[in-house]
Amino acid sequence: MPKVALITGTTGQDGSYLAELLLDKGYVVHGLKRRSSSFNTERIERVDVHPRHPDARLFLHYGDLGDMGSLVHLIREVQPDEVYNLGAQSHVRVSFDVPGYTADVTGLGAVRVMEAIRIAGVNCRVYQASSSEMYGSTPPPQRETTPFHPRSPYGCSKVFAYWSAVNYREAWDMHVSNGILFNHESPRRGENFVTRKISRAVARIEAGIQDTLFLGNLDAVRDWGYAPEYVEAMWLMLQQDKPDDYVIATGEARTVREFVHAAFAMVDIDWEKHVQIDPQYMRPTEVDALIGDASKAREQLGWVPKTGFTDLVRIMVDADRQLLEDERMGRLVRIDR
Ligand code: NAP
Ligand code: GDD
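Bear in mind that the values here come from a model prediction, so they are computed numbers and not experimental data.

What follows concerns the site of ligand 2. Ligand 2 sits among 24 residues. The nearest are Ser131, Ser132, Tyr154, Arg283 and Glu286. One of the side-chain N or O atoms of Tyr154 is found 2.5 Å from an oxygen atom in ligand 2. With respect to ligand 2, the side chain of Arg189 contributes an N or O atom lying 2.9 Å from an oxygen atom. Here ligand 2, which alone exposes 720 Å², has 95% of that area covered by the protein. Only helix 6 (194-206) and strand 8 (213-215) provide two or more residues apiece to the shell around ligand 2. Classifying every residue of the shell around ligand 2 gives 10 nonpolar, eight polar and six charged.

This part takes up the site of ligand 1. The local shell around ligand 1 holds 25 residues, among which Thr11, Asp14, Arg34, Ser90 and Tyr154 are the closest. Asp14 is positioned with one of its backbone polar atoms (N or O) 2.8 Å from an oxygen atom of ligand 1. Here an oxygen atom of ligand 1 and a side-chain polar atom of Lys158 are 2.9 Å apart. When ligand 1 is considered free in solution it has 910 Å² of accessible area, and contact with the protein chains removes 90% of it. Tallying contributions element by element places strand 5 (residues 125-131) first for the shell around ligand 1, with three residues.

We now examine the sheet that holds strand 5. Here we have seven strands laid out as an open sheet, ordered 3-2-1-4-5-6-11, and parallel in their pairing. Two strands bound the open sheet, and with one partner strand each, they are strand 3 (58-62) and strand 11 (245-248). Mean inter-strand twist for the sheet, computed between neighbouring axes without regard to direction, equals 20°. Relative to strand 2 (residues 28-33), strand 1 (residues 4-8) runs parallel, the two being bridged by five bridges. Paired with Ala5 across the strands is Val29, a residue of strand 2.

Counting across every chain of the model gives 20 salt bridges. When the shortest N-O distance is used, the salt bridge between Asp293 and Arg143 registers 3.0 Å. Taken together, the positions of Asp293 in the loop between strand 13 (275-277) and helix 9 (295-301) and Arg143 in the loop between strand 5 and helix 5 (153-172) put the pair 150 residues apart, joining distant regions of the chain. A salt bridge links Arg196 to Asp320, with the shortest nitrogen-to-oxygen separation between them at 2.8 Å. On the criterion of sequence distance, the pair formed by Arg196 in helix 6 and Asp320 in helix 10 (residues 309-328) is long-range, its members being 124 residues apart. Take Arg196: its relative accessible area is 5%, and that puts it in the buried class.

Side chains three or four residues apart in an α-helix point the same way, a direct result of the helix having 3.6 residues per turn. Here helix 4 (residues 99-120) is 22 residues long and its end C-alpha atoms lie 30 Å apart, about the 32 Å a rise of 1.5 Å per residue gives. Bending of helix 4 peaks at approximately 40° at the position of Leu108. One or two steps after helix 4, the chain reaches Gly121, where phi turns positive at roughly 70°.

This structure, assessed with the given rule, holds nine aromatic pairs. Summarising the aromatic geometry, the rings of Phe148 and Tyr162 are spaced 5.0 Å apart at their centres and angled 85° between planes, so their arrangement reads as edge-to-face. Taken together, the residues span a long stretch of sequence, with Phe148 in the loop between strand 5 and helix 5 and Tyr162 in helix 5 at a distance of 14 residues. When its relative accessible area of 6% is taken as the criterion, Tyr162 is described as buried. One aromatic cluster in this structure is built from Tyr135, Phe148, Tyr162, Trp163 and Phe182.

Further remarks concern the environment of Thr250. Note that Thr250 resides in the loop between strand 11 and strand 12 (254-255). Residue classification places Thr250 among the partly exposed residues on the basis of a relative accessible area of 23%. Put simply, Thr250 and Asp223 are 27 residues apart on the chain and 6.3 Å apart in space, counted from C-alpha to C-alpha. Leaving out residues up to four positions away in the same chain, Thr250 has contacts with Asp223, Trp224, Gly225, Tyr230 and Pro305.

This part takes up the packing of helix 2 (residues 68-78) against helix 4. Any two packed helices are characterised by the angle at which their axes cross and by the distance between the axes. Put simply, helix 2 and helix 4 touch, their axes get as near as 9 Å, and they point 50° apart. If you check the angle between helix 2 and helix 4, you find them oblique. Here the hand of the crossing between helix 2 and helix 4 comes out right-handed. Note on element contacts: helix 4 touches helix 2 through Arg112, Val113, Glu115, Ala116, Ile117, Ile119 and Ala120, opposite Met68, Leu71, Val72, Ile75 and Arg76. For the contact of helix 2 with helix 4, a count of residues per class yields nine nonpolar, no polar and three charged.

Conventions we followed
- Residues numbered from 1 in each chain as written.
- Chains lettered and ligands numbered in written order.
- Predicted model: local features only at pLDDT ≥ 70, side-chain atom pairs only at ≥ 80, totals over all residues.
- Heavy atoms only, no water.
- Near = heavy atom within 4 Å.
- Polar contact = N/O pair within 3.5 Å; in protein donor to acceptor, adjacent residues only side chain to side chain.
- Areas by Shrake-Rupley, 256 points an atom, 1.4 Å probe, with all protein chains shown as cover.
- Helix = DSSP H or I, 4+ residues; strand = E, 2+ residues; numbered from the N terminus.
- Nonpolar A, V, L, I, M, F, W, Y, C, P; charged D, E, K, R; others polar.
- Pairing = 2+ DSSP bridges.
- Axes fitted to C-alpha atoms, helices over the stretch in contact; angles between N-to-C directions.
- Salt bridge = Lys/Arg side-chain N within 4 Å of Asp/Glu carboxyl O.
- Buried < 20%, exposed > 50% of the residue type's maximum accessible area, 1.4 Å probe, protein only.
- Expected span 1.5 Å × (residues − 1).
- Bend = angle between axes of the 7 residues up to and from the residue.
- Phe/Tyr/Trp six-rings, centres within 6.5 Å; stacked < 30°, edge-to-face > 60°.
- Contact = heavy atoms within 4.5 Å.
- Parallel < 35°, antiparallel > 145°, perpendicular 65-115°, else oblique.
- Left-handed = near helix turned anticlockwise from the far one by under 90°.

And the structure:
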C-alpha cells in the first residue's frame, strides 16, 4: 500500500515542491486548499491530474486552518500516515497589519491540525513548519538551542505553534517534528517576498516595462537557500524513528543589497539607477540578521544544501526572464477544472 500524506498549504511555494517530491516517492498526496475568489492552484497544476483519472494520486480538498471541522473531517477521511502543516499567513510585514488573523491561522492553526489528528484518532507523523523568524533579535549563528526573541506577530505566532508542537509530542506521545527553516526561495516564491520581487523587477526592467524597484531595508542579512532542497529535509524528519527539531539553513550570510546587486549584474544593469527606498516596506521591528547552523541536520539527517547564493539568484532571474517572455508570447494557459 502506498503511504498517504496530507499537506496543508499545498498551493504555496513549499507545498507544491513537497507534493511533487512525495508523488515521486510513490505517495498518495492529499492537499488542503482554501477557497479563494481567483485561482490559487497555479503552482501545482503541473502535477494535478483530474481526481477521477485512474493515475490520479494528488487530491485537493477545500478546508481552512481557521476551520476545525474541515480539518477533523479531512483527516478522518484520508487517514494520513504523514501530515505536513505548511499552511500559514506567511508574510512578516503583512502580519503587522493583520496580527489577529496571523495568530489565528499561523499559530492556532497548528494546534487545530494536531488536535484534529487526536480527535480523528489517526496515528500519524506530523511536520510543523517552524521558522528562523522565531529567533528575531537573537544574534547569529542560530541553532536549535538558541533562545527565541520574535520581532513580529508572525514570529510570535510561529513560536506559539513551535511550543504547541513540542507539547503535543510530550503530552500525547505524538511523532511531531519542528523544521526550523531559514529563508528559502525559488521561481515559485510569492512575488511580495524580497528575492522574487527583485528577480521579477530585474526581468521587467531589462524588458523596458518597469523603471523603478521600490524596496525597504537593504541592510537586513538573510541565509537564503533553494526551496526544493528544503522540502527534502521536511520529509527526512518524518522518516526518523524519533521526532525532533532541526534547523535547516545554508550558513551563508548575504544582505538584501547583495541580492539586488547580484540580480541586476546578471543582466548587466546598474541597480543604483533603478532602486529607490520606500518607507512603506520598512517594518516596525526588523530582524537584522538570520544565519543558521544546520550541523544537527547534517549529522542526523544527512541533509546538506547544494545550491549556493549565486546559483540561486541565477535560477530566479532566469526563470523570471523566461516567464516574462512566455507571458508576452501569450504562452501561459491557466487550467480550469
Ligand atoms: P506560502 O507560499 O506563503 O504558502 C502558504 C500556504 O498557506 C498557501 O498554500 C496558502 O494558501 C496557505 N494558507 C494561507 N492561509 C490559509 C488558511 N487560512 N487555511 C489554509 N491554508 C492557508 O509559504 P511557503 O514559503 O510555501 O512556506 C510554507 C510554510 O513554511 C509556511 O508555514 C511558512 O510560514 C513556513 N516557512 C517558510 C519559510 C520560507 O522561507 N519560505 C521559512 C520558514 C518557514 P493560498 O495559496 O490560497 O494563499
Ligand atoms: N518583502 C519585502 N519587500 N522585504 C523587503 C523589502 C521589500 O520591498 N525590502 C527590504 N526587505 C527586507 C525585509 O525587511 C527583510 O529584512 C528581508 O528583506 C526579507 O524579507 P522577506 O523576503 O519578506 O522575508 P522574511 O525574512 O521577512 O520572511 C520570510 O522568511 C521567514 C524565515 O526567516 C518568510 O518566508 C517567512 O514566512 C519565513 O518564516
